[in-house]
Amino acid sequence: MANKKVEKVPFSRERFMQALNYRNSSIRKLGNVPEIERDEKTIRRYLHDGEIPPALLDRIGKYLDVHPDFLSGTYDRPVEHIEDETVRRVIKSQICVEDHPYFVKEQESLKYRDYFKSVLMMHNISIAQFKSLSASKRTQLQLDIEQAITAVIYKYFDCDATGKPIYPELERLGAELELASEDPESISPVDIFESNV
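A. The arrangement of unusual backbone geometry in detail. Positive phi values are uncommon outside glycine, yet N24 reaches one of about 50 degrees. With respect to the helices and strands, the residue N24 is situated in the loop between helix 1 (13-22) and helix 2 (27-31). Of note, N124 is a non-glycine position whose phi angle comes to about 60 degrees, a positive value. Residue placement: N124 occurs in the loop between helix 8 (112-122) and helix 9 (127-132).

Written out as structure tokens, the structure is:
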């Protein structure tokens, strides 16, 4: 039986070493972490090759609390096409590990529809009940829930997961909901359950 070719993605030595340094870790330490499921030698081989299986990259990113795209050099690739070396170097220096926590990867997979559906269902409200409301009441309910959640988050947190001030990003979803309610042509969270769920 022939060896099955394993899918691999880019693995940036520069960004990986920055992440290790930022987290006060090392390849040796990573090789001893059970969740990584690979030893130091294997990690070094992937680093030398400049490619790594995506599942392993994800486990390393999760352990180091760094977005896998940072470790793969994804944010560097558009910058590499800039001809002026000084400009390229300045822009690359602004791509910082602390701005790319693993949390962002998890956040990217969230969908408003699932979030809102979960909020309703956790409070024993069915989607059928939500759909039975008039369009204006559905919109107002979404706005009211978002405003209530935002107020509670403001009460307990000053900064977001990346350490940046929580305002104005915390207001983004509410603003999107308000804009959508004013523009009937928009594709928005407001009409999330118009199709069958």
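B. View of helix 3 (residues 40-49). Within helix 3 the residues assigned to the buried category are T42, I43, Y46 and L47. Seen along its axis, helix 3 keeps its buried residues to an arc of 140 degrees; they face one direction. Seen from the open side of helix 3, the exposed residues pointing more than 90 degrees away from its buried face are K41 and H48. Buried positions along helix 3 lie against helix 1, helix 2, strand 2 (51-52) and helix 4 (54-64). Once helix 3 ends, the next one or two residues include G50, with phi positive near 75 degrees.

C. Inspection of helix 10 (residues 135-156) at higher detail. With 22 residues, helix 10 should reach 32 Å at 1.5 Å per residue; the first-to-last C-alpha distance of 32 Å fits that figure. Looking only at helix 10, the buried set comprises R138, T139, Q142, L143, I145, E146 and T150. In a view along the axis of helix 10, the buried residues occupy a sector of 160 degrees, so they form one face of it. Residues of helix 10 that are exposed and point over 90 degrees away from its buried face: S136, K137 and K155.

D. Seen up close, the side chain of S72. Mapped onto the elements, S72 comes out in helix 5 (residues 68-72). S72 sits in the buried class, given a relative accessible area of 6%. A polar atom in the side chain of S72 sits 2.6 Å from the side chain of T74. With sequence-adjacent residues up to four places away left out, S72 is seen in contact with P10, F11, S12, L57 and R77.

E. Structural view of a positive patch on the surface. Taken together, the side chains of K5, K8, K41 and R45 make up a positively charged region of the molecular surface. Of note, K5 is situated in the segment before strand 1 (9-10). K5 gets classed as exposed once you look at its relative accessible area, which sits at 78%.

F. Up close: the packing of helix 1 against helix 3. Here helix 1 crosses helix 3 at 140 degrees, and the two axes come no closer than 9 Å. One element, helix 1, and the other, helix 3, form an angle in the oblique class. Residue-level inspection shows R13, F16 and M17 of helix 1 in contact with helix 3, the latter providing I43, L47 and H48. A per-class count over the contact of helix 1 with helix 3 returns 4 nonpolar, 1 polar and 1 charged.

Quick notes on the rules
- Residues numbered from 1 in each chain as written.
- Predicted model: local features only at pLDDT ≥ 70, side-chain atom pairs only at ≥ 80, totals over all residues.
- Heavy atoms only, no water.
- Helix = DSSP H or I, 4+ residues; strand = E, 2+ residues; numbered from the N terminus.
- Buried < 20%, exposed > 50% of the residue type's maximum accessible area, 1.4 Å probe, protein only.
- Arc of directions from axis to C-beta.
- Contact = heavy atoms within 4.5 Å.
- Expected span 1.5 Å × (residues − 1).
- Polar contact = N/O pair within 3.5 Å; in protein donor to acceptor, adjacent residues only side chain to side chain.
- Patch = residues over 30% accessible without salt bridge, like charges linked within 9 Å, V, L, I, M, F, W, Y side chains within 5 Å.
- Areas by Shrake-Rupley, 256 points an atom, 1.4 Å probe, with all protein chains shown as cover.
- Salt bridge = Lys/Arg side-chain N within 4 Å of Asp/Glu carboxyl O.
- Lys, Arg positive; Asp, Glu negative; His and termini not counted.
- Charge placed at Lys NZ, Arg CZ, Asp CG, Glu CD.
- Axes fitted to C-alpha atoms, helices over the stretch in contact; angles between N-to-C directions.
- Parallel < 35°, antiparallel > 145°, perpendicular 65-115°, else oblique.
- Nonpolar A, V, L, I, M, F, W, Y, C, P; charged D, E, K, R; others polar.

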